[in-house]
Amino acid sequence: SKSSIPKNIVADETFWEEDQIIAPLPSSHSSVEKKFETAVTSAWAFFRFIDGLMFDSRLYDYKFQQLQDDPLYPYLNSLVGIADGGEDGYINENKRIMQKPKKEYMNQSPLRICHSLAREAVAALPKLQVICADIGGRLGMQTIAVGPIKKPTAALLKSERKYDGNPLLVTDYCR
């Protein structure tokens, strides 16, 4: 009779083969061993489950590290939501990235700054489309769309709702 208790437990990078789901018991086992065989089998299955989770967590950590090394990670990490209009309840959030401050912004109103940023977004849109197409290709997506440029007045309203009126924290002119 075969049982699921292994004679030896070996932990290495290969883990258990799929066809070794049940490990053999020694051929001679007492009635006490038979009585607890179900409990031991369940414990062994639980051990294999936890072992698999530990392996998966290392794999996920590795993949996450690769993602963090990508130049787009700081931008993607700063996104709160897609089509973020500022109505999501995140007010005065600690945002990691912002538009680059320029000297000409010093004497401009927030609305003028929003107009300048919208013009820059129009110029950046073709590059964003190329980047999105690349990301979509890596993810196996057949269609990827880039939304319209955020209007300066919408950006101003978002900056007032969400960022205490700082238009440089609005980073989704192109989306």
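Residues numbered from 1 in each chain as written. Predicted model: local features only at pLDDT ≥ 70, side-chain atom pairs only at ≥ 80, totals over all residues. Heavy atoms only, no water.

### Some words on the overall build of the protein chain
What the protein chain contains, in helices and strands, is 5 helices and 0 strands. Ordered by position from the N terminus, the helices and strands of the protein chain form the series α-α-α-α-α. When burial is assessed residue by residue, the protein chain has 26% of its 175 residues classed as buried. In the protein chain, 63% of the contacts between residues at least 6 apart in sequence involve partners at least 24 apart. (Helix = DSSP H or I, 4+ residues; strand = E, 2+ residues; numbered from the N terminus. Buried < 20%, exposed > 50% of the residue type's maximum accessible area, 1.4 Å probe, protein only. Contact = heavy atoms within 4.5 Å.)

### Observations regarding helix α4 (residues 110-138)
Along its length, α4 reaches its greatest deviation from straightness, about 45°, at Ala124, and the proline Pro126 lies no more than four positions downstream. Gly140 occupies a position one or two residues after α4 and carries a positive phi of about 75°. (Bend = angle between axes of the 7 residues up to and from the residue.)

### Digging into the pattern of salt bridges
Applying the stated criterion to the full structure yields 3 salt bridges. Across the pair Glu120 and Lys102 runs a salt bridge, and its minimum N-O distance is 2.5 Å. Pair noted here: Glu120 is in helix α4 and Lys102 is in the loop between α3 (73-78) and α4, with a separation of 18 residues, a long-range link. Its relative accessible area of 32% is what places Glu120 among the partly exposed residues. Exposure remark for Lys102: the relative accessible area of 29% places this residue in the partly exposed category. When the shortest N-O distance is used, the salt bridge between Lys158 and Asp172 registers 3.1 Å. Here Asp172 lies in the segment after α5 (152-162) and Lys158 lies in helix α5, a separation of 14 residues in the sequence. For the residue pair Lys158 and Asp172, the accessibility class agrees, reading buried in each case. Within the structure, one salt-bridge network assembled from shared partners comprises Lys150, Lys158 and Asp172. (Salt bridge = Lys/Arg side-chain N within 4 Å of Asp/Glu carboxyl O.)

### Quick word on the confidence of the model for the protein chain
On average, the protein chain scores 75 in pLDDT, and the residues at 70 or more come to 66%. The lowest-confidence element of the protein chain is helix α1 (residues 31-35), averaging 65 in pLDDT; the highest-confidence one is α5, averaging 91. Below a pLDDT of 50 lies the segment residues 9-16, which in the model reaches 13 contacts outside its immediate sequence neighbourhood of four places, other chains included. (pLDDT = per-residue confidence, 0-100.)

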